[in-house]
Amino acid sequence: MHGYSGKILHIDLDERKHWSEEKPEEWYKIYIGGVCMATRLCWENIKVGCDAYDPGNPICFANGIFSGTPVPVGGKYGLASKSPLTGVIGDSLSGSWFSVALKRAQWDGVVIHGASKDWIYLFIDDDRVEFLPADKLLGLGTYETEEKIREIFGDDQVRSATIGPAGENMVRYANVTNDGRQAGRTGHGSVWASKKLKAVAVRGTYGVTVHDPETLLGLSFDITESAQGPHTEKYRIYGTSTNMLNASKEGFLPTHNFQEGVFDFVELVSGEYLDEHHKVKVIACAQCPIACEQMSMVKKGPFAGSMTGIEYECLQAVSSNCGIGDMTAAIKMVDISDSSGMDTMSMGVSISYAMECFERGVLKKEDFKCNKYPEGFEPNFGNGEAGVTLAEMIRDKEGIGALLAEGTRIAAKKIDQERNSESWKWAMNIKGLECPGYDARSLKTFAMGLAVGTRGGCHNRSAAYDPDIKGQTNRFTVDDTRGVVAARSEEYAAVYDTLPMCKFIRRCFTGKADRAGAWPAIAKLINATTGWNFDYDDVDLIGVRAHTIKKAFNIREGWKSEDDDIPYRWKHDPMTKGPGAGHVVTDEELNYMKQLYYKAKGWTEEGLIPKKLLIDLGMDDVAEEIGV
Amino acid sequence: MVASTSKYKYIVCDPELCIGCQLCEYICSYTKTGEFNSYRSRIRTVRVDEVLITAVSCRTCEDAPCVRACPRDALTQDAVTGIIHIDPQKCDGCAWCVEACDFGAISINHETKLAEICDQCEDVEGGPQCVLICPKDALQYTTPDQRSQRTRKKLIESSLEFPQKAKDPR
């Protein structure tokens, strides 16, 4: 079998032992890799119904089919555990060398069970596994931890996935970080901390072989060349931050905690401004010929010296969303979250939630006491210093930061209980995961796409904003096409998330990003790597299966149709400015679209999956447990 | 003392253009071993502080220190191309050449325990494969003289503003 070793590494932190599990080729043909295989491993190994911080919640890595080969943007892995934010599947992706090292160590996946009593880190050295004390690593930032581990082993090709101080402090939306990239959003970092696991280091020294290297190289060369042209220009020149101006113009740029969709100071926090004033260098993930990471630096002012990669989702969360029209404060906030290892989007939305609480009088100045400001401070929208201070307080769980570190769902619940307030109405999360940078009141297909999302408010898993923004659907209304549009868009995304490949390559196969443009090319890459005989339909099924196993996981953990919902604000508070002004998504519209979506998926009205559908996908054991 | 680089051609990396994707390592190891493995690459990327990135391979020094350092005369330098050849029969992996190289361009193969160095793909059609695959044209197969010529030209182009004839009439 090429492309896979056929082996999953199991590590038990309680017993400090490890073993290898062999999987048959047919299993790989169904679960492939990335988020799909990671979720499947989670399905097989979790103690059903456990809390996310219970030792029975496993950490599941699944590598990519193309990791370690020259296939462009194929150096990625999936990571899954139950999410402490949502209580359902937390499936993340991260790019770069960690996946390549794991591939060369010849492990298709890693499942970490149990919990350690003392802080440790793991060293997977090809076939060996070491359990090492983490004393020297505690308190270090994410990149510092990686460098320290390389120093300890004296090998610059040792790659590590780590948690930073935010993870150690169990910020609920802490990330796992490797090579400056984040497995983000769903709170993996705090799950690792619940197991006292600081890092997983990997050294892989075996060569990677593929079924037909000449064909694979030929295909890779062509895609690499195409990736230097107009299909990726947006990502190469400005990165995704170039979306800022358009999002504001179109009226869906989250502003003042999603109160508005137009930001008055957007030009000061645009991708173009970033490029002119702050960009230092563009860097790439492993085996990526695009290079979209715009490393940006603050050169003067109170936040001078701060440097990190800036992209749209992070930028909007900490700038327009907090009303902050100061790029230096925005870079500082993203730097704090990246180096301490937390999700910038959830952090930004938690901060904007607190700012709105302050402006509406639910929280007072004295609620914001901290070492830096013993009398407290006034975090109005637009206050960059307040934004930076709150980011630090969340990282350190200092003062009100400890509450905001729980995410907006839990924070609002606690605040409303204590103060008899209704701040849940502006707690902008879906299933507990903070909303992404698209205000969905005037992107109605996307509103439903987010509502039904298996990991909560996430733009990576549902791509339904795309038809709304491009005008393929009328973004202000609903009609009977939306179920199919949303269902197919998330299955499309799931193909890339399962291989996994970065979606930025999607136009580079043939110039067309649709299924007809991309699937035949992806099938060729899979076949040259593995020797399989995949065709268009097989590639299409990758996405269907990936999404189905995630949904099945959630059903088994107790998901109900009423969980597929959007924040109160999107249903009741219309915006006042821009093209989206006056629009909301009513309960009636949402429920209508949800039913269309369940139907398009072939599910029941309650959103449950028929047995036959699961059996047809080759998931007989899943059908047995949750099929109807 | 840093050895002087020379009249010979070698592979040079522009750190401003290098994005650190390591595709050069993939293609190098494949060309030499049939497998993709950075540990077997004769060109290596280096990254410091996340944003300082470049790639390094043999710089074909004149009167190469690695050749002089080898106690078993396993290393020889081609008088025409400057390429360093390592005789696997004579090499015993003592790594004196590794220590002698100011550029870190020699590595010990962890399987055979013998020294390995870039040979500019002298037997491969199309020349150095890393230069061909580099997506950003950060790698150049060049001599120091050619390199300085190009730097001068680039400097003039970027610092003087003259009306320019359209390069691509489309």
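Definitions and cut-offs
Residues numbered from 1 in each chain as written. Chains lettered and ligands numbered in written order. Predicted model: local features only at pLDDT ≥ 70, side-chain atom pairs only at ≥ 80, totals over all residues. Heavy atoms only, no water. Phe/Tyr/Trp six-rings, centres within 6.5 Å; stacked < 30°, edge-to-face > 60°. Helix = DSSP H or I, 4+ residues; strand = E, 2+ residues; numbered from the N terminus. Buried < 20%, exposed > 50% of the residue type's maximum accessible area, 1.4 Å probe, protein only. Pairing = 2+ DSSP bridges. Axes fitted to C-alpha atoms, helices over the stretch in contact; angles between N-to-C directions. Contact = heavy atoms within 4.5 Å. Domains from an automatic or database assignment. Buried area = accessible area lost by both parts, 1.4 Å probe. Salt bridge = Lys/Arg side-chain N within 4 Å of Asp/Glu carboxyl O. Polar contact = N/O pair within 3.5 Å; in protein donor to acceptor, adjacent residues only side chain to side chain. Core = buried A, V, L, I, M, F, W, Y, C linked by side-chain atoms within 4.5 Å.

Residue and element names in this part refer to chain A. Under the definition given, this model contains 29 aromatic pairs over all chains. Centre to centre, the rings of tyrosine 77 and phenylalanine 98 are 5.1 Å apart; their planes meet at 55 degrees, and the pair counts as tilted. One end of the pair, tyrosine 77, is in strand β4 (residues 76-82); the other, phenylalanine 98, is in helix α3 (residues 97-104), and 21 residues separate them in sequence. Grouping residues by exposure puts tyrosine 77 and phenylalanine 98 together as buried.

Here we come to the sheet that holds strand β2 (residues 17-22) of chain A. Residue and element names in this part refer to chain A. Taken together, six strands build an open sheet; the order of strands is β2-β1-β6-β3-β4-β5 and the sheet is mixed. Sheet topology places β2 and β5 (89-95) at the edges, where each strand pairs with a single neighbour. With direction set aside, neighbouring strand axes in the sheet form an average angle of 20 degrees. Note that strand β1 (residues 7-12) and β2 share six bridges and pair antiparallel. By the bridge assignment, isoleucine 8 is partnered in β2 with glutamate 21. Most of the contacts of α3 go to strand β3 (residues 59-63), to which it runs at about 80 degrees, and overall it touches β3, β4, β5 and β6 (109-113).

A few words on the domain arrangement of chain A. All names here are of chain A. Per the domain assignment, the segments making up chain A are domain 1 (7-203), domain 2 (236-430) and domain 3 (440-566 + 586-626). Using C-alpha coordinates to define each centre, domain 2 is positioned 29 Å away from domain 3. Taken together, the contact pairs 11 residues of domain 2 with 14 residues of domain 3. The junction of domain 2 with domain 3 conceals about 1,000 Å² of combined surface from both sides, 66% of it contributed by carbon and sulfur atoms. Remark: the boundary between domain 2 and domain 3 carries one salt bridge. Close ionic contact of arginine 475 with glutamate 250 constitutes a salt bridge, the shortest N to O distance being 2.9 Å.

Turning our attention to the pattern of salt bridges. Residues and elements named next belong to chain A. With the rule as written, the count across this model stands at 56 salt bridges over all chains. The partner of glutamate 625 in a salt bridge is arginine 556, with the nearest N and O atoms 3.3 Å apart. Here glutamate 625 is found in helix α25 (residues 620-626), whereas its partner arginine 556 is found in helix α21 (residues 536-556), with 69 residues between them in sequence. Residue glutamate 625 is classed as partly exposed on the basis of its relative accessible area of 48%. The structure contains a network of salt bridges with shared partners spanning Glu21, Lys23, Arg40, Glu44 and Asp621.

This part is about the interface of chain B and chain A. When the parts of a complex come together, some accessible area is lost, and that lost area is often taken as the interface size. The interface is formed by 28 residues belonging to chain B together with 39 residues belonging to chain A. The contact between chain B and chain A buries some 2,800 Å² in all, and 57% of this surface belongs to carbon and sulfur atoms. Applying the counting rule to chain B against chain A returns zero salt bridges. Linking chain B with chain A are 17 residue pairs in polar contact (both at pLDDT 80 or more). Of all the secondary-structure elements, those providing two or more residues to the side of chain B that touches chain A are α1 (23-33), β2 (44-48) and α4 (129-133) of chain B.

Let us look at the nonpolar core. One broad trend across soluble globular proteins is that nonpolar side chains are buried collectively. Membership of the largest hydrophobic core comes to 202 residues, with the highest contact counts inside it found for A:Leu499, A:Met501, A:Ile505, A:Phe509 and A:Ile526. With 39 residues, the next largest nonpolar core counts A:Ile120, A:Phe123, A:Phe131 and A:Leu137 among its residues.

Time to look at the pairing of strand β8 (residues 128-133) of chain A. Residue and element names in this part refer to chain A. In this structure, strand β7 (residues 120-125) lies alongside β8, joined through six bridges in antiparallel fashion. What sits directly across from aspartate 125, in β8, is arginine 128. The loop that links β7 with its antiparallel partner β8 comprises two residues; one of these, aspartate 126, has a positive phi angle of about 50 degrees.

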